[in-house]
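Structural overview for review
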Amino acid sequence: MASNSFMLVFLCVLVTLFNFATTTKAQNVDQVYFVSQSCSANKTTANSAYEKNLKTLLSSLSSNATTTLFYNNTVLGSTNTTSDTVYGLFMCRGDIPLRLCKECVANATQKLSSDQSCSLSKQAVMWYAECIVRYSNVGFFSTVSTSPEYSLYNPNDITDNSTNSFMNFLSNTINQTAEAAANSAKRFSTKEANLSQSQTLYCLAQCTEDLPPQNCTTCLAQAIRELPICCYAKQGGRVGFPSCNVWYELYPFYGLITDQTPSPTST
């Protein structure tokens, strides 16, 4: 009996490892993938006016994800106080279809409502590979927020003989991507550049659409400065803020081949 139990556990571990290995390069396009979350220690109370307004806000975010990749809303508090007002938005990745945006925002809002560490928080941000959902009791639209943040990196090192050469190439390409994103109507851009005859660098940059171009530039520049810290000489990496994010890999993770897994290791 003990031997059979051991073999069962062993097989389960093998299946888990296999699934992890195969999903690090490609995902089912009908799935969304949780990345990180940050929920404030400042809480409201159950059944309070703020919680009721928050539920209204999250419901509006989820319902609007069926028609657009970006949406923000404000649920006003009572006339006697502004402390019950809730501000919120969602932003889906610019290359994904609406059906996937809808699924991502629905997952995020449901998790924000039910997660023990988040459900009564006055402020929260939740990142998926395909979207971000954020709310706060303080107005934040059109302003740059670079905290909290997350960073992820691909565990594989670059194979180029010159690490500095790769990092310079990455810096030039990701900065061009960020410039294009900041000056686009959707605050989103991707770019490919040939690293060698056999390797292509894929870059993505995105800001929330409420940011003016200069604020988007400021946010993306800060995210790009974080890349050498989190992801030096790695084949892929990403940095995410509440207001923007950057992502690069040596395989296609956007466009027609969408919804790759986020780089699997966090810093």
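Just above, that's the structure.
Here's a quick rundown of the structure. This is a predicted model, so every value here is computed, not measured.

This part covers the packing of aromatic side chains. Counted under the stated rule, the structure contains 9 aromatic pairs. Of the aromatic side chains, those joined through ring pairs into one cluster are Y202, W247, F253 and Y254. The ring of Y50 has K122 sitting right over it, with the charged end atom 5.2 Å from the ring centre. Cation over ring: R134 sits above F140, and NZ or CZ is 3.8 Å from the ring centre.

For the rest of this paragraph, the subject is the nonpolar core. The biggest cluster of nonpolar side chains holds 30 residues, and the ones touching the most others in it are F166, L170, L220, L227, V246 and Y248. Contributions of two or more residues to this core are made by α4 (163-182), β8 (200-207), α5 (213-231) and β10 (244-249). When residues of this core are assigned to their parent elements, the largest contribution, 8 residues, is made by α5. Setting aside anything within four residues of it in sequence, one finds Y248 in contact with F166, L170, L201, Y202, C203, L227, C231, K234, Q235, G236, G237 and F253. Among the nonpolar cores identified, the runner-up in size contains 25 residues, and V32, Y50, L57 and F90 belong to it.

Moving on to the state of the cysteines. Disulfide: a covalent bond formed between the sulfur atoms of two cysteine residues. Taken as a whole and judged by the stated rule, the model has 6 disulfides. Here C39 pairs with C118 through a disulfide, and the sulfurs are 1.8 Å apart. Measuring handedness by torsion sign, the sulfur bridge of C39 and C118 sits at about 70° and is right-handed. Of this pair, C39 sits in strand β1 (residues 34-39) while C118 sits in the loop between α3 (98-114) and β4 (124-128), and the two are 79 residues apart along the sequence. Here C230 engages in a disulfide with C231; their sulfurs sit 2.2 Å apart.

Let us now look at the packing of α4 against α5. The interhelical angle for the contact between α4 and α5, taken along N-to-C directions, is 160°, at an axis separation of 9 Å. When the interaxial angle is binned, α4 and α5 end up roughly antiparallel. Crossing handedness for the pair α4 and α5: right-handed. Residues M167, I174, N175, A178, A181 and A182 of α4 touch α5, and the partners they reach there are P213, C216, T217, L220, I224, L227 and P228.

Moving on to the sheet that holds strand β5 (residues 131-136). An order of β1-β4-β5-β3-β2 is seen for the 5 strands of this open sheet, with the pairing classed as antiparallel. Among the strands making up the open sheet, the edge pair consists of β1 and β2 (70-75). The average angle at which neighbouring strand axes cross in this sheet is 5°, direction not considered. Bridging between β4 and β5 involves 4 bridges; their strand directions are antiparallel.

So, about α4. Taking 1.5 Å per residue, 20 residues should reach 28 Å; α4 reaches 28 Å between its end C-alpha atoms and fits that length. Taken residue by residue, α4 has F166, M167, L170, T173, I174, T177, A178, A181 and A182 as its buried positions. Here the buried residues of α4 occupy an arc of 165° about the axis, which is enough to place them on one side. Those residues of α4 that are exposed and aimed more than 90 degrees away from the buried face are N164 and E179. Those residues of α4 hidden inside the fold are in contact with β7 (188-194), β8, α5 and β10.

Counting buried positions over the 5 residues of β4 gives 5, a clear majority of the element. Burial along β4 is two-sided: the face carrying A124, M126 and Y128 and the face carrying V125 and W127 are both buried.

By the secondary structure assignment, E226 is in helix α5. Within the buried set, E226 has no salt-bridge partner at all; the shortest N-O distance to an opposite charge, 6.6 Å, is to R225. Ignoring anything within four residues of it in the chain, the contact list for E226 reads E149, V239 and F241.

Conventions we followed
- Residues numbered from 1 in each chain as written.
- Predicted model: local features only at pLDDT ≥ 70, side-chain atom pairs only at ≥ 80, totals over all residues.
- Heavy atoms only, no water.
- Phe/Tyr/Trp six-rings, centres within 6.5 Å; stacked < 30°, edge-to-face > 60°.
- Lys NZ or Arg CZ within 6 Å of the ring centre and 35° of its normal.
- Core = buried A, V, L, I, M, F, W, Y, C linked by side-chain atoms within 4.5 Å.
- Buried < 20%, exposed > 50% of the residue type's maximum accessible area, 1.4 Å probe, protein only.
- Helix = DSSP H or I, 4+ residues; strand = E, 2+ residues; numbered from the N terminus.
- Contact = heavy atoms within 4.5 Å.
- Disulfide = S-S within 2.5 Å.
- Axes fitted to C-alpha atoms, helices over the stretch in contact; angles between N-to-C directions.
- Parallel < 35°, antiparallel > 145°, perpendicular 65-115°, else oblique.
- Left-handed = near helix turned anticlockwise from the far one by under 90°.
- Pairing = 2+ DSSP bridges.
- Expected span 1.5 Å × (residues − 1).
- Arc of directions from axis to C-beta.
- Lys, Arg positive; Asp, Glu negative; His and termini not counted.
- Salt bridge = Lys/Arg side-chain N within 4 Å of Asp/Glu carboxyl O.

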